Amino acid sequence: MAKEIKIFDTTLRDGEQSPGCSMNIHEKIRVAKQLELLKVDVIEAGFAIASPGDFTSVREISKNVKNCTVASLARALPKDIDIAWEAVKYAKYPRIHTFIATSDIHMKYKLKMKPEEVLENAVNMVEHAKAYCEDIEFSAEDATRSNPEFLAKLFDRVIKVGATVINIPDTVGYTTPDEYYEFITTIREKSDYLDKVDISVHCHNDLGMAVANSLAAAKAGATQIECTINGIGERAGNAALEEIVMAMNTRKDVLGLYCNVDTKQIMRSSKLLSSITGVEVQPNKAIVGNNAFAHESGIHQHGVLEERTTYEIMTPESIGLSQNKMVLGKHSGKHAFEDRLKALGYDLSKEEIIKAFGQFKELADKKKTIYDDDIEAIITRNTIAYPEVYKLQRFVINSGNTITSTAAVILMNHDQEIEEVSIGDGPVDAAFKAIEKIIGIDMTLEDYKLHSVTEGKDAQGEAIVKLKHNGKIYTGRGLSTDVVEASIKGYIGAVNKILYQVEEKKEM
Ligand code: KIV
Ligand code: ZN
């Protein structure tokens, strides 16, 4: 019989720690709601003590998520644990996740503590957390470079005072599948209590083995796997959720493992995260890359047309990719639009449908055929909420290969129209410079990317604009059939996020 594996998603904590992946509170709530639809077992919502923004995000996610456990990370310090509890106490199923490093190298150089001190501290802090919360996860940071005998002793002690989950992380992505299997087996043999609680694993991908290591650990007795959407996370990232889940699904025959994730929500979760962070997955990324289900060579295409299973081990539908590409056009009415939304799995409120339908009609005026991807792009854009302090009213560009580009941009700030004109190296640069003049705050353009999100000559272009302000990166995303308009919208999106964050800080 297949064994159940609990999926612990740490996209909002370890994932968010990776460069360029920071999210504001609205974005985090949006991701958390999507993780709930994906049916993960645990959402690690953040590290509550890290900043006031992190605290508020964990607290709001705890209030909003009803079907998953919500965890906050906490160092093994009383203050961290107190704050973590303050943030997760609103959750239907709260968890405090506390950790301390256990490898010689970390204890000596980072903690400057003796193993006995680390052990006492861990026990005291689990006891402290248990006074607040029933569900306590304890992690031994850098476990794979720690002494297994020491770990077994430490785990028994923290379990005795109430730890319900023991995590054995490969913090630096150092182990290999066989070694990790042996390591976990050895600790289980040396421990009297480990098999009475959930054993968790948390693998980083420094040597590209995070997924393989996690699956080997599950075979060695782990019952929970920690992972992130698109594999984002510190350095080379964490084990990718979509790869773990689809490996368990597709190779149940050899792995003998299953989980409760709704695989049809995988693609949507991946796209939502990319559109929020502006960090795209590589085209050949397993499961969610653009080419993961594309067949280019004639031999492969022929094979798939004759019999899909010749070159496909999973169906695109199983991860929520729709095969039905052509959908609606200019003359389609609200009912057809609503039906399509339902078929795509969206459950929107009346107001959200009206807003999306208006945008669909606008797009249909510019674009002959509306594909599912166009609709997904509209909905994703709408669900990323932050106040639009500045809105694009109109713009005029004058550009050519023998003249200097000029841009006149008119933005709305509440009810006021503000216009600026600028020259630049090309139309996009000129438009950005005109916007900078309007906004008048100190920011630098860190990154700018343009790509098409849908198909055909009249495809929608998506611009991802990253602006730096006070050392932090803010990502904006603009969508249009006109690439200059998409770029301007992306720029304004990033500006609005900067302004929103400044306001959020003032309120704290
Ligand atoms: O990588 C790691 O060890 C961690 C712990 C805090 C669980 O992220
Ligand atoms: Zn980690």
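Residues numbered from 1 in each chain as written. Chains lettered and ligands numbered in written order. Predicted model: local features only at pLDDT ≥ 70, side-chain atom pairs only at ≥ 80, totals over all residues. Heavy atoms only, no water.

**Considerations on the packing of helix α6 (residues 148-160) against helix α7 (residues 177-190)**
Heads up, the rule is: Only the contacting stretch of a helix is used when fitting its axis, a line to C-alpha atoms as for every element, and angles between N-to-C directions run 0 to 180 degrees. Numbered from the N terminus, helices here are DSSP runs of H or I no shorter than four residues, and strands are runs of E no shorter than two. An angle below 35 degrees is treated as roughly parallel, one above 145 as roughly antiparallel, one from 65 to 115 as roughly perpendicular, and anything else as oblique. Note on convention: the crossing is left-handed when the near helix lies turned anticlockwise from the far helix by less than a right angle, right-handed when the turn is clockwise. When checking whether two residues touch, look at their non-hydrogen atoms; a contact exists if any pair is within 4.5 Å. When residues are grouped by polarity, Ala, Val, Leu, Ile, Met, Phe, Trp, Tyr, Cys and Pro land in nonpolar, Asp, Glu, Lys and Arg in charged, and all others, Gly among them, in polar.
Contact geometry for α6 and α7: axes closest at 9 Å, N-to-C directions at 50 degrees. With respect to α7, the axis of α6 lies oblique. In the packing of α6 onto α7, the handedness of the crossing is right-handed. Of the residues in α7, those in contact with Pro 148, Glu 149, Leu 151, Ala 152, Phe 155 and Asp 156 of α6 are Phe 183, Thr 186, Ile 187 and Lys 190. In the contact of α6 with α7, the residues fall into six nonpolar, one polar and three charged.

**Remarks on the nonpolar core**
This is how the line gets drawn: Side-chain atoms within 4.5 Å link the members of a nonpolar core, which is a set of buried Ala, Val, Leu, Ile, Met, Phe, Trp, Tyr and Cys residues. Partly exposed describes any residue whose relative accessible area lies between the buried limit of under 20% and the exposed limit of over 50%, with all areas from a 1.4 Å probe on protein chains only and scaled to the type maximum.
Ranked by size, the top nonpolar core spans 96 residues in total, and within it Ile 7, Phe 138, Phe 155 and Ile 166 carry the most contacts. Beyond its immediate sequence surroundings of up to four residues, Ile 7 is in contact with Val 40, Asp 41, Val 42, Ile 225, Cys 227, Leu 241, Ile 244, Val 245, Met 248, Cys 259 and Val 261. Counting 24 residues, the second largest nonpolar core, distinct from the first, contains Tyr 390, Val 409, Tyr 474 and Val 495.

**Side note on the site of ligand 1**
To be explicit about the condition: Any residue with at least one heavy atom within 4 Å of a molecule or strand is counted as near it. Here a polar contact is recorded for every N or O atom pair within 3.5 Å, except that within protein the pair must consist of a potential hydrogen donor and a potential acceptor, and residues adjacent in sequence are included only if both atoms are side-chain atoms. Working definition of accessibility: Shrake-Rupley area with a 1.4 Å probe, residue cover restricted to the visible protein chains.
Lining the immediate surroundings of ligand 1 are Arg 13, Asp 14, His 97, Phe 99, Ser 139, Glu 141, Asn 167, Pro 169, Thr 171, His 202 and His 204. Within the contact set of ligand 1, an oxygen atom lies 2.9 Å away from a side-chain nitrogen or oxygen of Arg 13. Measuring from an oxygen atom of ligand 1, one finds a side-chain N or O atom of His 202 at 3.1 Å. Taking 260 Å² as the accessible area of ligand 1 by itself, protein coverage stands at 94%. Contributions of two or more residues to the shell around ligand 1 are made by β5 (93-101) and β6 (136-141). Grouping the constituent residues of the shell around ligand 1 by class yields two nonpolar, six polar and three charged.

**Quick look at the sheet that holds strand β13 (residues 390-400)**
Strand pairing in a sheet relies on backbone hydrogen bonds, with the paired strands running either antiparallel or parallel. To keep things clear, this is the line we draw: Whether two strands pair depends on DSSP finding at least two bridges between them.
The strand order across the open sheet built from three strands is β13-β14-β15, with neighbouring strands paired in antiparallel fashion. Looking at which strands have only one partner, the edges of the open sheet turn out to be β13 and β15 (416-424). Ignoring which end each strand starts from, the neighbouring axes of this sheet average 15 degrees apart. Where strand β14 (residues 403-413) meets β15, nine bridges bridge the pair, whose relative direction is antiparallel. Looking across to β15, one finds that Asn 413 is bridged to Gln 416.

**Things to note about the environment of Leu 321**
Among the structural elements, Leu 321 can be located in the loop between α12 (298-306) and β11 (326-329). Assessed through its relative accessible area of 23%, Leu 321 is described here as partly exposed. Here the alpha-carbon distance between Leu 321 and Ile 266, two residues 55 residues apart in the chain, equals 8.9 Å. In this structure, Leu 321 is in contact with Met 267, Phe 293 and Pro 316, ignoring residues within four places of it in sequence.

**Thoughts on the packing of aromatic side chains**
Let me state the cut-off plainly: Note on ring pairs: Phe, Tyr and Trp rings are taken, using the six-membered ring of Trp, and paired if centres are within 6.5 Å. Classes follow the plane angle, with under 30 degrees stacked, over 60 edge-to-face and the rest tilted.
Evaluated as defined, the whole model comprises eight aromatic pairs. Each ring, one from Phe 138 and one from Phe 155, has its centre 6.5 Å from the other, and the planes form 70 degrees; the classification is edge-to-face. Note that Phe 138 is positioned in strand β6 and Phe 155 in helix α6, a separation of 17 residues in sequence. Judged by its relative accessible area of 0%, Phe 155 falls in the buried class. Taking the centre distance of 4.4 Å and the plane angle of 40 degrees together, the rings of Phe 432 and Tyr 491 count as tilted.

**Quick notes on the sheet that holds strand β7 (residues 165-167)**
Pairing is parallel in the closed barrel, where eight strands are placed in the order β2-β3-β4-β5-β6-β7-β8-β9. With direction set aside, neighbouring strand axes in the sheet form an average angle of 25 degrees. The pairing of strand β2 (residues 6-9) with strand β3 (residues 42-46) spans two bridges and is classified as parallel. Following the sheet pairing, Phe 8 is matched in β3 by Val 42. Sheet strands touched by helix α5 (residues 115-130): β5 and β6. Its angle to β5, the strand with the most contacts, is close to 170 degrees.

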